[in-house]
Amino acid sequence: MKNWKSVLTGILVFALLPAVAQDKYFTRTGKISFVSKGVIETISAKHNSVTCVLDTKSGQIQFAVLMRGFEFRKALMQEHFNENYVESDKYPKATFKGDITNNNAIDYSKEGTYNANVKGKLTLHGETRDVESAGTIVVKNGRLTASADFNILLSDYRIRIPAVVKDNISNTVNITVDCPMEPLKN
Amino acid sequence: MKKSLSLWLFIINLSLAGDKLLAQEPDLLKLAGEDKPARTHVTNAFKSTRVINGQSMEFLGKGVLDVRFLHRFGTINSGANNFFGLDQATTRIGLDYGLGKSLMIGIGRSGVGKELDGFIKYRPVWQSNDARGVPFSVVLVAGMTLGTAPWAFPDRKNYFHSRIGYYHEVIIGHKFTETFSLQLSPILVHRNLVPGANDKNNTFALGIGSRLKITKRTAFVVDYHPILAGRQYGTKDPLSLGFDIETGGHVFQLHVSNSTGMNEKAFITNTTDDFWKGDIRFGFNISRVFTLVKPKEKKVVAP
């Protein structure tokens, strides 16, 4: 009798395997924007083609952005951002790989707004740092929207502000993430 | 028999669980498809739209106004009494404006010859960093100069068109690496009136411009225009060596040169000093950009 239990478990595991893929959501048109408020100048930029994948089962969430895709209000700012600050040719992509730590508290099958605590590693300008943020997940019409808001320090990512413009540019950058996602079909 | 079957299933279970453990950090992003960098054009081959005197393969952004102050001093070897040339100064004040990503216009006025100049600059081919893209940029420049100084010979019959000169230039440039850029720019200068009976109206020169970045915000630049044909009698090839310093919206170009001319007609047909004999002068260009028209917000249609 005991043996049959394990046979059953084995069959169950096999049966469940294909179902795993249905738990993932993704987007390739997510939005990320950042604002850096200096004493003299406010620098902000927007990105409209962020890739984000969320595995609702494990709570894993990952983002990728191409640095060149950030759009600024001033052409020269965009040039300097790519050339002098984040060095987009050398480090074309920024990624975040992390987990929703309270994933069990989110019921992806029920519409609503859930708080999601995200913890993971942000890689930017060739540097990887731990990042933590309190965001939300909105479940509606079979879609998910992940949003979050957090601060990073440029100095953590080896992005140097030259002494001449130290007062103009803030070392703290506020990042806002807004990614509406659809089910990922394999 | 039953026992061995259950053992076998147990092992499979374990290995599956192990699989799950190993897959703790799967690359979920791969599932969404690889992010290929979009084909992008090469920017910042030069810090400014000018190498030093001559036009560079670089453009202003759309809606950007560039206010340019150019200064050229006297020759350094004119001695301490002339403060090594700093006593004399000539200027050109100019405004450039970016009409599009690859189209800009500019006007300016130089003190030398009380000369007005204007140009239009267009980039039909833009270097791309994609393997399938074009590996170099081609830029066309057409300009006109108008001298407004009193006639040198007021007694003879003078025509208005005698005040006018033209220049046409093709720039072929390539940004080799982040630090090194090189461009060649054949240029034709036409003057409606030349000073001497034996002087040619057309002068051909080959511009050679290069940049070598020293740090992220400073660069060493060379601007050389050997004259190939139609040399104005007694003139030399203009050569300038300088440093570009970039600070936010400003670009400072500090240089030494044998030319005083600050438009194409002037420095190609009017450079009388010999760089190699030490007739060099200090000069600088200051460029300050202002974003007049900000790009419109792109509307994103919800998926």
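Note that the coordinates shown come from a computational prediction; the quantities given were computed from them, not determined experimentally.

Cut-off values and rules
- By convention here, each chain's residues receive numbers from 1 onward along its written sequence.
- Chains and ligands are labelled by the order in which they are written, letters from A for the one and numbers from 1 for the other.
- Totals for whole chains, interfaces and linings use all residues, but because this is a predicted model, local features are given only for residues with pLDDT of at least 70 and pairs of side-chain atoms are given and counted only at 80 or more.
- With hydrogens and water stripped out, all remaining heavy atoms of the structure feed into the side-chain values.
- By nonpolar core we mean a set of buried residues, namely Ala, Val, Leu, Ile, Met, Phe, Trp, Tyr and Cys, connected to one another through side-chain atoms within 4.5 Å.
- Here the term buried applies to any residue with accessible area under 20% of the maximum for its type, exposed to any over 50%, and partly exposed to those in between, with areas from a 1.4 Å probe on protein chains only.
- In this analysis, two residues are considered to be in contact whenever any of their non-hydrogen atoms come within 4.5 Å of each other.
- A residue's pLDDT is simply how confident the predictor is in it, with values from 0 to 100.
- When DSSP finds two or more bridges between two strands, those strands count as paired.
- To qualify as a helix, a DSSP run of H or I must reach at least 4 residues; to qualify as a strand, a run of E must reach at least 2; elements of each kind are numbered from the N terminus.
- Patch membership needs two things, relative accessible area over 30% and no salt bridge, and members are linked within 9 Å if like-charged or within 5 Å if nonpolar (Val, Leu, Ile, Met, Phe, Trp, Tyr).
- Computed with a 1.4 Å probe, the accessible areas rest on the Shrake-Rupley method; for each residue, only the protein chains presented here act as cover.
- By definition here, a salt bridge exists when the distance from a side-chain nitrogen of Lys or Arg to a carboxyl oxygen of Asp or Glu is within 4 Å.
- Disulfide assignment relies on a single distance test, namely cysteine sulfur atoms paired within 2.5 Å.
- In protein, a polar contact requires one atom able to donate a hydrogen and another able to accept it; more generally it is a pair of N or O atoms within 3.5 Å, and residues adjacent in sequence count only if both atoms are side-chain atoms.

## Considering the nonpolar core
In this structure, A:F34, A:I61, A:F70 and A:I100 are the most contacted members of the largest nonpolar core, which totals 46 residues. Apart from residues lying up to four places away in sequence, A:I61 is in contact with A:C52, A:V53, A:L54, A:F96, A:K97, A:G98, A:D99, A:I100, A:V118, A:A146 and B:L28. Grouped together as the second largest cluster of nonpolar side chains are 20 residues, B:V51, B:F59, B:I227 and B:F267 included.

## Quick word on the confidence of the model for chain A
Mean pLDDT over chain A works out to 87, with 89% of the residues at or above the 70 mark. Scored below 50 in pLDDT, residues 17–21 of chain A shows four contacts in the model against residues more than four places distant or in partner chains.

## Concerning the pairing of strand β2 (residues 89–100) of chain B
All names here are of chain B. For strand β1 (residues 64–75) and β2, the ladder comprises nine bridges, and the chain directions are antiparallel. Across the sheet, the residue bridging to H71 is T91, located in β2. Sheet topology places β2 next to strand β3 (residues 103–110); eight bridges connect them, and they run antiparallel. The residue of β3 that forms the bridge with G98 is M104.

## Concerning a nonpolar patch on the surface
On the surface, a cluster of nonpolar side chains totalling about 460 Å² of accessible area is made up of B:Y122, B:V134, B:F136, B:L140, B:V170 and B:I172. Relative to the elements of secondary structure, B:V134 occurs in the loop between β4 (115–125) and β5 (137–147).

## Details of the state of the cysteines
Inspection of every chain in the model, using the stated rule, returns zero disulfides over all chains. You can see A:C179 has no disulfide; the closest cysteine sulfur is in A:C52, sitting 4.5 Å from it.

## Concerning the side chain of B:Q253
All names here are of chain B. Mapping Q253 onto the fold places it in strand β12 (residues 250–257). At 3.2 Å, the side chain of Q253 forms a polar contact with the backbone oxygen of R50. Within polar-contact distance, the side chain of Q253 engages the side chain of D244 at 3.2 Å.

## Some points on helix α2 (residues 75–85) of chain A
Buried residues of α2(A): A:M77, A:H80, A:F81, A:N82, A:E83, A:N84 and A:Y85, and no others. Elements in contact with the buried residues of α2(A): β1 (24–37), β2 (42–55) and β4 (71–72) of chain A together with β8 (202–213) and β11 (239–247) of chain B.

## Some thoughts on the pattern of salt bridges
What the rule picks out here adds up to 18 salt bridges over all chains. As a salt-bridge pair, A:K90 and A:E87 come within 3.3 Å of each other at their nearest N and O atoms. What makes A:K90 exposed here is its relative accessible area of 57%. A salt bridge links B:R281 to B:D273; the shortest N-O distance between them is 2.3 Å.

## Some thoughts on the pairing of strand β3 (residues 60–66) of chain A
Residues and elements named next belong to chain A. Within β3, seven of the seven residues are buried, which leaves it mostly tucked inside the rest of the structure. Across the two faces of β3 the burial is the same, with Q60, Q62, A64 and L66 and I61, F63 and V65 all buried. Across seven bridges, β3 lies against strand β5 (residues 93–100) in antiparallel orientation. Residue pairing in the sheet places F63 in a bridge with F96 of β5.

## What to know about unusual backbone geometry
Residues and elements named next belong to chain A. Even without being glycine, H125 reaches a positive phi, approximately 55°. Mapping H125 onto the fold places it in the loop between β6 (112–124) and β7 (127–140). Residue H125 is classed as buried on the basis of its relative accessible area of 2%. With phi around 60°, R158 is a residue other than glycine that occupies positive phi space. Turning to its location among the elements, R158 is positioned in the loop between β8 (143–153) and β9 (172–183).

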